[in-house]
Amino acid sequence: MDKRLAVCAVAQIKNHPNYHYLRFQNMLLECFEPILEQTKATFDMETGIRTIITCSDDVFDARTISDNGITDVVGAHFRGEEKIAQESINGLGYAMACILSGHDDVILFMGHCKESQGESRRMVSNLAYDPFYCRPLGMDYHNVAALQARTYMEKSQVTDEQMAKIVVRSRKNGAKNPYGRENKIVDEDEVLNSPLYSDPLRELHLYPVTDWAFGMLLCSEVRAEEFTTNPVWITGYGSCMDRYFIGDRDLASNFSLKNAAQRAYAMAGIKYPREEIQIFELGDQAAYQLPLWAEGVGIADEGQGGKWLDEGGMETFNVNLSGGQLNGNPLLLGGAARVIECYYQLSHQAGERQVKNVKRAVAQAATGGAGQHQAVIVMEAQGG
Amino acid sequence: MAEYWGVTVADIFNSMPERFRPEGARDVAAVFGYDIKDEGKWQLTVKNNSMALEKTDDLSCCVATMAADGETFVGVNVGKVDATNAFMSGKFRIEGDMVAFGKTGRLFRKFVLAGKGMTTREYLADMFATIVPRFKAEEAEGLDASFAFALGGADGGQWSVFIKDKACTVTTTIEGKPTVTLEFNDARDYVDFILGKIDAQSILAAGKAAAKGDINMMASKWPLLFEKYKDPLGGNVKEQELLTLKKTISINQRFATGPVMGKFLRGLKDKKIYANKCPQCGRLQLPPREVCAECRVRAADFVEVGPKGEVRYMDVVYYAMPDPLTGVARETPYGSINIRLDGCKGNETLPHFIRKDQIEKIQMGWNEMQGTRVRPVWEENRSGDIWDIKYFEIDE
């Protein structure tokens, strides 16, 4: 049985604040066609695409069972179609389970989110909380993130100035990414003086509202050469769900990310992540998360996030050369965006951002209040 | 102890604490006696909205005492013996303050035999018999109104509830011009409605009931004027307190039409209906979508179809699904049709509504059978949305 699956092709549209002239169906179609073009994949029932995995969000789409609205533009009519409503990185985990279990050997994985449709993403994430207690208190991902930010900054001695540097760097890196959201290049003072959302988080500490869609063709190891000469391999996956209630958690502990990362590393046969992995794409819906998750995946020491930033950890470990989610990816698609950047790097298509001699990369993404759910994917270059 | 209709005298007394209605005892502070021949004597003390019952030998402290034989006592309580007849024929008598004893009628919910249901007729009798005891005079200040109930079906009947000078009376007729009239086609629905088994909106929407006159008086004032009716069958089980949250989840949204749906909606402004055509299989889609879902290719060619066509499917909708854009409930029933516009084939149909007064005349089409020919009726001022077509009507 296979031990890894191939990413044969990826496609995406540019991250954009508001695709006011497109439905999300139009956005997906712009990703669907390039995948078929690059791979020459068909929908033949014997050898073609028989399973489609999609990632979308009912509340952002304002319709329940939101995958129903896109089956035509992802080619899912008369096919198996499964929806991931959680972080898109789990779509890769799902695809991995499908392929390694022998359920299917070619999978089209597509995702979309049009955050600009809704008036308020805070009201969207407010709905993640129970209607009896947490929701009436006004909990949403921003103010819960602020609780985590405060406690983590205390623990790891991360400062407002360091958070500002993370934002400034993200935008600079994002400007080199042709698919990155076009943002104003800012300096540290602008970050430090941007409107306060929930202390200590300011407007510029948070990822901006973004519309985006992507597609990937995934297949089993033995079939990769039918679709590409330059596959990238997914060799490890791990996920972990932390507790729902804030009061049950140590918000600065990284418990679930460490668990997810260990599983992914074990699956990929990695013992020393700092030596064996050259690229890290980390989730950063808010600036403070970058050093926190760096601790979680094992490239910064526990409780040393501030020191790690000062010592140039982000550059040493090639963290978020894409600009990261902080530069702009929709809430639930950050993981797919991280994986796509790793794909570009590992297949040597990253242009200006390309890191030399890249053999292995890690994509990590979090979702849920204060990174409740964590997932990590290990990817390897052809021949790596 | 003797049983009458499967019930003993003790059953009646033992169930009194459970059947006690504190709201019916607000102005009662008295001791009542019951002297049941060959069964014993009981003393009921009512004070401070609560009651105490004890078996005793001495009823001398009672303000009023009822004396009866066991059969009459049980019969009156289970509804097998008419109380007025029994009183007139001397089968039971009241000693002491008869007016005071009259108040005991509203102290208890109806006694119901365990395991036995109540018929619609029994429920209606109990519901209207308890109206006066459930009346809250303090809410009727300055009110002069009458509520009429016309309940159809075999078990139905007519009742009027008059409220004037802070007093409430009930009659079994409808007289004069009621302030508000509630009509139910079937009295059983009224019983289910009062018991909370069905909601008013669905009965009204289904045309099974109607309210005439000052509907607002019924909706807003009635619940204040009367204690809620309690189901006697529910009386033996302590009610759970159910906590629920009522919440409307609302996030404003702005949807882009995209170029394909945009072309279709723009066409409606010009009274044109556009389908899009698959370049591979030639299939038409209405309304147009970005791709032919079967061939998985863009379907960018637009074809004007209709505007006339034939009805392929129709159903008659009785539930007034509100228009989500306006919140206004639709008038029911309405005819929901799928029309195969001229130029379309097979199942390439467009959904819309048929003119309300033509529902009965519509013939559905299928295979070789042609359906009724229809044409769109256009809105005069069109803005590029589905309601630019008001509805379709028969093309005569």
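Residues numbered from 1 in each chain as written. Chains lettered and ligands numbered in written order. Predicted model: local features only at pLDDT ≥ 70, side-chain atom pairs only at ≥ 80, totals over all residues. Heavy atoms only, no water.

**Some remarks on the interface of chain A and chain B**
Note the cut-off: Contacts are residue-level and defined by heavy atoms, with any inter-residue pair within 4.5 Å sufficient. Defined in terms of a 1.4 Å probe, buried area is the accessible area two parts forfeit on being brought together, summed over both. What counts as a salt bridge is simple: a side-chain nitrogen of Lys or Arg found within 4 Å of a carboxyl oxygen of Asp or Glu. Any pair of nitrogen or oxygen atoms within 3.5 Å is treated as a polar contact; in protein, a donor-acceptor pairing is required on top of that, and neighbouring residues in sequence qualify only through side-chain atoms on both sides. Under the scheme used here, helices are H or I runs from DSSP no shorter than 4 residues and strands are E runs no shorter than 2 residues, and both carry numbers assigned from the N terminus. When residues are sorted by character, Ala, Val, Leu, Ile, Met, Phe, Trp, Tyr, Cys and Pro go into the nonpolar class, Asp, Glu, Lys and Arg into the charged class, and all the rest, Gly among them, into the polar class.
Counting from both sides, the interface comprises 35 residues of chain A and, opposite them, 19 residues of chain B. Together, A:Arg23, A:Asp72 and A:Gln117 form the three largest contributors to the area buried by chain A at its contact with chain B, with a combined 24%. Taken together, the connections running from chain A to chain B amount to three salt bridges. A salt bridge links A:Glu30 to B:Arg298; the nearest nitrogen and oxygen atoms lie 3.3 Å apart. Inspection of the chain A/chain B interface yields eleven residue pairs in polar contact (both at pLDDT 80 or more). Mapped onto the side of chain A that touches chain B, the elements with two or more residues apiece are helix 1 (24-39), helix 2 (58-61) and helix 4 (121-126) of chain A. Looking at the side of chain A that touches chain B, its residues break down into 16 nonpolar, ten polar and nine charged.

**A look at unusual backbone geometry**
Leaving glycine out, the prevailing phi sign among residues is negative, and the prevailing peptide bond configuration is trans. Residues and elements named next belong to chain B. The line we're drawing: Each residue is placed in one exposure class: buried if its accessible area under a 1.4 Å probe, protein chains only, is under 20% of its type's maximum, exposed if it is over 50%, and partly exposed if it falls in between.
Here the bond from Leu-286 into Pro-287 is cis, since omega is -10 degrees, no more than 30 degrees from zero. Locating Pro-287 in the fold gives a position in the loop between strand 14 (284-285) and strand 15 (291-292). In this model, Thr-332 is joined to Pro-333 through a cis peptide bond whose omega is -10 degrees. Position of Pro-333 relative to the elements: it lies in the loop between strand 18 (309-317) and strand 19 (334-341). For Lys-271, which is not glycine, the phi dihedral falls at a positive 60 degrees. Turning to its location among the elements, Lys-271 is positioned in the loop between helix 11 (258-269) and strand 13 (273-277). Relative accessible area serves as the criterion here: at 42%, Lys-271 is assigned to the partly exposed category.

**Comments concerning the confidence of the model for chain B**
Residue and element names in this part refer to chain B. Our working definition: Along the chain, pLDDT gives the predictor's confidence residue by residue, from 0 to 100.
Taken over all residues, the pLDDT of chain B has a mean of 88, while the share at 70 or more is 97%. For chain B, helix 9 (residues 200-205) is the element with the lowest average pLDDT, namely 81, and strand 21 (residues 373-378) is the one with the highest, namely 98. Of the two predicted TM-score estimates for the complex, the pTM is 0.73 and the ipTM is 0.89.

**As for the sheet that holds strand 10 (residues 360-367) of chain A**
All names here are of chain A. For clarity, the cut-off: Being paired, for any two strands, means DSSP has found at least two bridges between them. Lines fitted to C-alpha atoms define the axes here, with helix axes fitted over just the stretch in contact, and angles between the N-to-C directions of these axes take values from 0 to 180 degrees.
Pairing in this open sheet of nine strands is mixed, and the strands run 3-2-4-7-1-8-11-10-9 from one edge to the other. Each of the sheet's edge strands pairs with one partner strand only, and the pair in question is strand 3 (80-84) and strand 9 (279-281). Across the sheet, the axes of successive neighbouring strands diverge by a mean angle of 25 degrees, strand direction being ignored. Bridge analysis of strand 1 (residues 5-12) against strand 7 (residues 211-220) gives seven bridges, and the strand direction is antiparallel. Each bridged residue has a counterpart across the sheet, and for Val-7 the counterpart in strand 7 is Leu-218. Contacting strand 8 (232-241), strand 9, strand 10 and strand 11 (373-381), helix 9 (residues 255-268) crosses the sheet at an angle of about 150 degrees to strand 8.

**Quick look at the packing of aromatic side chains**
Residue and element names in this part refer to chain B. Note the cut-off: Between 30 and 60 degrees the pair is tilted, below 30 it is stacked and above 60 it is edge-to-face, where a pair is any two Phe, Tyr or Trp rings, Trp via its six-membered ring, whose centres lie within 6.5 Å.
Per the counting criterion, the structure on display carries 30 aromatic pairs over all chains. When the centroid spacing of 6.0 Å and the interplanar angle of 65 degrees are considered together, the rings of Tyr-34 and Phe-101 count as edge-to-face. Of this pair, Tyr-34 sits in strand 3 (residues 30-37) while Phe-101 sits in helix 5 (residues 98-102), and the two are 67 residues apart along the sequence. Given a relative accessible area of 4%, Tyr-34 falls into the buried group. Through a chain of ring-to-ring contacts, three or more aromatic side chains come together here, namely Phe-128, Phe-135, Phe-147, Phe-149, Trp-159, Phe-184, Tyr-190, Phe-193, Trp-222 and Phe-226.

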